[in-house]
Structure formats: structure tokens, C-alpha cells
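# Descriptive analysis of the structure
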Amino acid sequence: MSTTQPIRQLCQLREFENYYQKDRPNPRNYALIIFGLNTALRISDILKTTWDMVYDFDTAKYRPHLQVKEQKTGKNTMIALNRSVISALNALKTTETTREQYLFPSQKHRNLPISRYQAFRIIKKAAIDTNLPDHVSCHSLRKTFGYHAWKNGTPPALLMDIFNHSSYQITKRYLCIEQDEKDQVFFHINL
């Protein structure tokens, strides 16, 4: 059985991110991918997110943080909403958007979020059409966040806290460290 992988190459990541913005414009699908890549949430928590959690309707401003009680762990987490997320949500938000509406509503049932399967289909379509490897799924968004944060110097202990993992071993598996990355450490150390 194959393991879900992060999207490692930045050029492939950019193509994947922009698929629903440029190739097949769809603000909901684009926002889903950007939100997943930038929040490191599991798909179950992404789909339960409502507009009131990210947008203060009284002040007409985006909240600085998203507060979530994770479905899988039951732990509370606070996530800063960065420019990429806010920009994608801005393109999604309409004058009819309500507080209790899900960010990613089903087209058939506007009062329900899309299903996990539909989220998988959205992500898989973008992955296939941008020629990504076979092992890309909803969880790849979370792993891609971790992989690129780690490559940019974020300490694994901080990533463990961000992911709410109970052990370093789980975080290490998320980073999907490959032999060529280990080799680079040896090649750069010339004592």
C-alpha cells in the first residue's frame, strides 16, 4: 500500500496551487487547496470550518487566528491566517455569505460542507492534471505544509506542536525524508 506524499518540488506545488485559479477557475476548489496547504489541518477539520470562524461579520474583517478543536485528537489549536489564505477566501466570499455557512459548501446541499470524498476528488483532479505523482491525496496538503516548513528551517519540535502530534516519530514520518535529502547533509558537511 502506498503512503500519501507531500508535494516536494516548488514548481509542481505552484502549478497544483494555481490549477483551480488559472487552468479550471473555481474559487471554492482553489480556496480549499490554499486553505489546506496553509493551515496544516486535517480534511475533516477543514470541511467543518464556517465563515464565522475566519471572518468577523461585525467588524467586516478577517480574524487573525482560526481556533479549532481538532476532531481526531480533541485538542484545541490556534492557526494564524496568512495572506494566501485571506486572499483565497476573499475570492470565495460573496455578499450572500452568512456566519454559519461552511467555507466549502456542497453545491447540492448549500447548508452542508462538501464530503471528504468530494474534497479528495477535487485534490486528485488537480494533482493528475498537473502531472503530480500518484500518491497525492487530501492529507498531502497537511504533509506539504510540514515538509516545506521543515525545509525552510522550522524545527521539527515546533512542527510536532503545530500538528498536535503525540510523538516525534509521527512528525518524522510526516516529513517524508528521503535518502537524497539525507545525502545532502553529508555533502554539505566537509570537516
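As shown above, the structure is provided for reference.
The notes below deal with the structure included here. (Residues numbered from 1 in each chain as written. Predicted model: local features only at pLDDT ≥ 70, side-chain atom pairs only at ≥ 80, totals over all residues. Heavy atoms only, no water.)

Ranked by size, the top nonpolar core spans 40 residues in total, and within it F16, L32, F35, V54, L89 and F104 carry the most contacts. Secondary-structure elements contributing two or more residues to this core are α1 (10–23), α2 (27–39), α3 (43–47), α4 (51–54), β3 (65–69), α5 (83–92), α6 (116–129) and α7 (138–151). Looking at this core, the element that brings in the most residues is α2, giving 7 residues. Counting residues in hydrophobic clusters, the runner-up holds 6 residues, among them A40, A149, F163 and Y174. (Core = buried A, V, L, I, M, F, W, Y, C linked by side-chain atoms within 4.5 Å. Buried < 20%, exposed > 50% of the residue type's maximum accessible area, 1.4 Å probe, protein only. Helix = DSSP H or I, 4+ residues; strand = E, 2+ residues; numbered from the N terminus.)

When you line up the elements, F145 lands in helix α7. Each C-alpha atom of the pair F145 and N82 lies 13 Å from the other, and the pair is 63 residues apart in sequence. When near neighbours in sequence (up to four residues on either side) are disregarded, F145 contacts L37, N38, A40, L159, I162 and F163. (Contact = heavy atoms within 4.5 Å.)

Right, let's get into unusual backbone geometry. In this structure, A60 is a non-glycine residue whose phi angle is positive, near 60°. Looking at the element boundaries, A60 is found in the loop between β1 (55–56) and β2 (61–62). Despite not being glycine, N164 has its phi angle at roughly 60°, a positive value. Looking at the element boundaries, N164 is found in the loop between α8 (156–163) and α9 (168–175).

Burial along β3 is one-sided: the face carrying L66 and V68 is buried and the face carrying H65, Q67 and K69 is not. Bridge count for β3 against strand β4 (residues 76–80) is 5 bridges, and the pairing is antiparallel. What sits directly across from H65, in β4, is A80. Adjacent in sequence and paired antiparallel, β3 and β4 are bridged by 6 residues, among which G74 carries a positive phi angle near 75°. (Pairing = 2+ DSSP bridges.)

Another point: the packing of α1 against α2. Interaxial distance between α1 and α2 falls to 6 Å at its minimum, and their mutual angle equals 145°. Relative to α2, α1 is oriented so that their crossing is left-handed. Seen from α1, the contacting residues are L13, F16, E17, N18, Y20 and Q21; seen from α2, they are N29, Y30, I33, I34 and L37. Of the residues in the contact of α1 with α2, the class split is 7 nonpolar, 3 polar and 1 charged. (Axes fitted to C-alpha atoms, helices over the stretch in contact; angles between N-to-C directions. Left-handed = near helix turned anticlockwise from the far one by under 90°. Nonpolar A, V, L, I, M, F, W, Y, C, P; charged D, E, K, R; others polar.)

Another point: a nonpolar patch on the surface. Taken together, the side chains of V185, F186, I189 and L191 make up a nonpolar region of the molecular surface, amounting to roughly 540 Å² of accessible area. If you trace the backbone, L191 turns up in the segment after α10 (179–188). (Patch = residues over 30% accessible without salt bridge, like charges linked within 9 Å, V, L, I, M, F, W, Y side chains within 5 Å. Areas by Shrake-Rupley, 256 points an atom, 1.4 Å probe, with all protein chains shown as cover. Salt bridge = Lys/Arg side-chain N within 4 Å of Asp/Glu carboxyl O.)

A few words now on the pattern of salt bridges. According to the stated counting rule, one finds 6 salt bridges in the structure shown. Its salt-bridge partner being R42, residue E70 comes within 3.3 Å of it at the nearest N-O pair. Taken together, the residues E70 in the loop between β3 and β4 and R42 in the loop between α2 and α3 connect sequence positions 28 residues apart. In this structure, E70 and R42 share a single accessibility class: buried. For K125, the salt bridge identified is with D129, shortest N-O distance 2.7 Å. One end of the pair is K125 and the other is D129, both in helix α6 and 4 residues apart, which spans about a single turn. Connected through salt bridges with shared partners, the residues D52, D58, R63 and R99 form a single ionic network.

Everything listed is a geometric property; what it means functionally is a separate question.
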